[in-house]
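# Coordinates in review
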Amino acid sequence: MYTWHTHSDPNDALQILEFGYAPIGSNNKWGPGRRNFYILHYVLDGKGYFNGTCIKKGQGFLITPMMSVEYHPDPAE
């Protein structure tokens, strides 16, 4: 998971606050809810759903601050 944080100064660049990998079980679901930062998810294997849209291996999605989101892996994959 990538997490970026922006500063109030427009001259500051985005900063990576977290970087990680999480093998997700079939019961792992997030949302519905909102985050107050950017998150970039990239699918390495299998597939899942982001706001009702199927996301497969090799695809990803970007969550922006205060965006209403729900995501979870496909239990069969």
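Here's what I pulled together on the structure shown here. In this text the structure is predicted, and so the values were computed from the model without any measurement.

### Some details on a nonpolar patch on the surface
Where nonpolar side chains cluster on the molecular surface, the patch consists of Y21, Y42 and L44 and spans about 400 Å² of accessible area. In this structure, L44 sits in the loop between β4 (38-42) and β5 (47-50).

### Some remarks on the pattern of salt bridges
A complete count under the given rule lists two salt bridges for this structure. A salt bridge links E70 to K29; the shortest N-O distance between them is 3.1 Å. Of this pair, E70 sits in strand β8 (residues 69-73) while K29 sits in the loop between β2 (15-19) and β3 (30-33), and the two are 41 residues apart along the sequence. Since its relative accessible area comes to 28%, E70 is described here as partly exposed. Its relative accessible area of 47% is what places K29 among the partly exposed residues. In this structure, the salt-bridge partner of D74 is K47, at a minimum N-O distance of 3.9 Å. One end of the pair, D74, is in the segment after β8; the other, K47, is in strand β5, with 27 residues separating them in the sequence. With relative accessibility at 11%, the residue D74 sits in the buried group.

The rules behind these values
Residues numbered from 1 in each chain as written. Predicted model: local features only at pLDDT ≥ 70, side-chain atom pairs only at ≥ 80, totals over all residues. Heavy atoms only, no water. Patch = residues over 30% accessible without salt bridge, like charges linked within 9 Å, V, L, I, M, F, W, Y side chains within 5 Å. Areas by Shrake-Rupley, 256 points an atom, 1.4 Å probe, with all protein chains shown as cover. Salt bridge = Lys/Arg side-chain N within 4 Å of Asp/Glu carboxyl O. Helix = DSSP H or I, 4+ residues; strand = E, 2+ residues; numbered from the N terminus. Buried < 20%, exposed > 50% of the residue type's maximum accessible area, 1.4 Å probe, protein only.

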